Amino acid sequence: MPAPRKLRNRSNKFDKNITKRGNVSVKKSTDDEDNKKLNPWMVGMLVFLVVGSSVFQVFRMFQMKPAIPNDE
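Residues numbered from 1 in each chain as written. Predicted model: local features only at pLDDT ≥ 70, side-chain atom pairs only at ≥ 80, totals over all residues. Heavy atoms only, no water.

## A word on the overall build of the protein chain
Test applied: Helix and strand assignments come from DSSP, with helices taken as H or I runs of at least 4 residues and strands as E runs of at least 2, each series counted from the N terminus. Categorising residues by exposure relies on relative accessible area from a 1.4 Å probe, with only protein chains included: less than 20% of the type maximum marks a residue as buried, more than 50% marks it as exposed, and the intermediate range marks it as partly exposed. Accessible surface area values rest on a Shrake-Rupley calculation with a 1.4 Å probe, where residue burial reflects the displayed protein chains alone.
In terms of helices and strands, the protein chain carries three helices and zero strands. Looking at the protein chain as a whole, 0% of its 72 residues qualify as buried. Approximately 7900 Å² of the protein chain is accessible, and the part contributed by carbon and sulfur atoms is 62%.

If you want it as structure tokens, here you go:
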């Protein structure tokens, strides 16, 4: 019984791709490195969230009354 058409197409596509593995053009690999830099706005937002949450936590810590046990 022959294989279904979808399976044959996927198999043919895989067979064509198997010989191309590891062959990346030089231009393509250098372009990817340039595009993956961190956006300054995203870094600023991350710093704002981390520093802001830590400052908020410190304020909450000072507002809480310490639990002093009564020794009676």
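There's plenty left to go through after this.
## Focus: the environment of Arg 8
Short version of the rule: The contact criterion used throughout is that any non-hydrogen atoms of two residues lie within 4.5 Å.
Mapped onto the secondary structure, Arg 8 falls in helix H1 (residues 5-17). Residue classification places Arg 8 among the partly exposed residues on the basis of a relative accessible area of 40%. Once you skip the residues sitting within four places of it in the chain, Arg 8 turns out to touch Pro 2 and Ala 3.

## What to know about a nonpolar patch on the surface
Spelled out, the test is: For patch detection, residues must exceed 30% relative accessible area and be free of salt bridges, and they are connected within 9 Å for like charges or within 5 Å for nonpolar side chains (Val, Leu, Ile, Met, Phe, Trp, Tyr). Salt bridges are defined by distance alone: a side-chain nitrogen of Lys or Arg within 4 Å of a carboxyl oxygen of Asp or Glu.
On the surface, a nonpolar cluster with roughly 750 Å² of combined accessible area is contributed by Leu 38, Val 43, Leu 46, Val 47, Val 50, Val 51, Val 55 and Phe 59. Take Val 55: it is sitting in helix H3 (residues 40-63). By relative accessible area, which is 38% here, Val 55 ends up partly exposed.

## Let's talk about the confidence of the model for the protein chain
One rule of thumb: low pLDDT means the predicted coordinates there are not for detailed reading. What counts is decided by this rule: Residue-level confidence of the predictor is what pLDDT reports, using numbers from 0 through 100.
When pLDDT is averaged along the protein chain, the result is 78, and 76% of the positions lie at 70 or above. Mean pLDDT across the secondary structure elements of the protein chain bottoms out at helix H2 (residues 26-35), with 58, and peaks at H3, with 92.

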